[in-house]
Every structure is written in structure tokens, then in C-alpha cells.
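# Structural description and commentary
Given next are the chains, with one letter for each unit.
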Amino acid sequence: MIRPLAIVLPLLLPAAALAADTLTAAEIQARIVGNTIEGTAGDVEYTEFYATDGTIHGLGDDGPYAGQWSIEGDRMCFDLGETKECDKIQLDGTKVQLLGDDGSLVAVGELKPGNPGNL
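Residues numbered from 1 in each chain as written. Predicted model: local features only at pLDDT ≥ 70, side-chain atom pairs only at ≥ 80, totals over all residues. Heavy atoms only, no water.

## Some points on the overall build of the protein
- Within the protein, the secondary structure is distributed over two helices and nine strands.
- When its helices and strands are written in sequence order, the protein yields α-β-α-β-β-β-β-β-β-β-β.
- Counting across all 119 residues of the protein, residues that qualify as buried make up 32%.
- For the protein, the share of sequence-separated contacts (at least 6 apart) that also reach a separation of at least 24 residues comes to 37%.
- Element-wise, carbon and sulfur atoms account for 56% of the exposed surface of the protein, whose accessible area totals about 7,200 Å². (Helix = DSSP H or I, 4+ residues; strand = E, 2+ residues; numbered from the N terminus. Buried < 20%, exposed > 50% of the residue type's maximum accessible area, 1.4 Å probe, protein only. Contact = heavy atoms within 4.5 Å. Areas by Shrake-Rupley, 256 points an atom, 1.4 Å probe, with all protein chains shown as cover.)

## Some remarks on the state of the cysteines
- Here the structure, examined in full by the defined rule, presents one disulfide.
- The disulfide partner of Cys77 is Cys86, and the gap between their sulfur atoms is 2.0 Å. Residues Cys77 and Cys86 share a disulfide whose torsion about the S-S bond is about 105°; that sign makes it right-handed. One exposure class covers both Cys77 and Cys86, and it is buried. (Disulfide = S-S within 2.5 Å.)

## A look at the pattern of salt bridges
- Applying the stated rule across the entire model yields three salt bridges.
- Among the salt bridges present, the one from Glu72 reaches Lys84, with a minimum N-O distance of 2.4 Å. Note that Glu72 is positioned in strand β5 (residues 63-72) and Lys84 in strand β7 (residues 84-92), a separation of 12 residues in sequence.
- Lys84 sits in the partly exposed class, given a relative accessible area of 48%.
- Taking the shortest distance from any N to any O, the salt bridge between Arg75 and Asp101 comes out at 3.0 Å. Of this pair, Arg75 sits in strand β6 (residues 75-79) while Asp101 sits in the loop between β8 (95-99) and β9 (105-112), and the two are 26 residues apart along the sequence.
- Given the relative accessible area of 56%, Asp101 is considered exposed. (Salt bridge = Lys/Arg side-chain N within 4 Å of Asp/Glu carboxyl O.)

## Focus on the side chain of Asn35
- Within the secondary structure, Asn35 is located in the loop between α2 (25-31) and β2 (36-41).
- Taking relative accessible area as the criterion, Asn35 reaches 15% and is therefore assigned buried.
- Reaching out from Asn35, the side chain makes a polar contact with the backbone nitrogen of Gly114 at a distance of 2.6 Å.
- Here Asn35 is in contact with Glu48, Phe49, Tyr50, Leu111, Lys112, Pro113 and Gly114, once residues within four sequence places are set aside. (Polar contact = N/O pair within 3.5 Å; in protein donor to acceptor, adjacent residues only side chain to side chain.)

## Here's the deal with unusual backbone geometry
- Backbone geometry at Asn118 places phi at a positive 50°, although glycine is not the residue there.
- Its place among the elements puts Asn118 in the segment after β9.
- Given a relative accessible area of 68%, Asn118 falls into the exposed group.

## Some words on the environment of Phe78
- Mapped onto the fold, Phe78 is located in strand β6.
- Assessed through its relative accessible area of 9%, Phe78 is described here as buried.
- Aside from chain neighbours lying at most four places away, what touches Phe78 is Glu48, Tyr50, Ile56, Gln68, Thr83, Lys84, Glu85, Asp87 and Leu98.

Given below as C-alpha cells:
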């Protein structure tokens, strides 16, 4: 007989904690930088290429945009001109999740090699 707790407990765990690995600073540098993430943040779709010179070349619902990225601790920071946000990055294959300091899901996406959209 299956215990009810064995069924309920996995449902109580945050989705971000189930399969993805949280990247270290070195892993962010090696796996994210020089590549593109296509995803959504809330109801906003975006595509961002993270150039090796620290620039972000993006395309969103309102058209193209640019910014700066950096790595602080084991978080990737994004400065798009208004505010700077730093998130933990989890990667499971090509599936990406960005998490706030409190563990809340900020964005989801798919990692694409290089700059396929020529951003």
C-alpha cells in the first residue's frame, strides 16, 4: 500500500528544486555566456544573447533592447538600464530557470547555442 505522504510530499516541493542543478559562477560563465536564452518572464516573452564582453542583446515584446550582464557570487546579474537584478540559474539539459534570492521563479526558458537570432 502506498502511503498518502509519499504521494503528497513531492507535490509540496517547489518545481525548481526537482531536477535542475543550480549553476556556480564558473558554470554560468562556461554554459550561459556566449549563448542565448529564449523564454518568458511572467507574461513577457524574450530572447537574450549574453555576449562575452558583458553585453546583453535582447528582443522582447516591445522590440530590441540592450543591457549589461555580470556574475556576482553564484548569481547572474542583469542591468537593463532601470534596475539591476541578480538571479540564481538552474539548468536541466537546455531548460533554464531563473530564481530570485527567495527562491521564487523569475523566468523560464531554453538555452540555445551561440546567437542563432543574430541579436
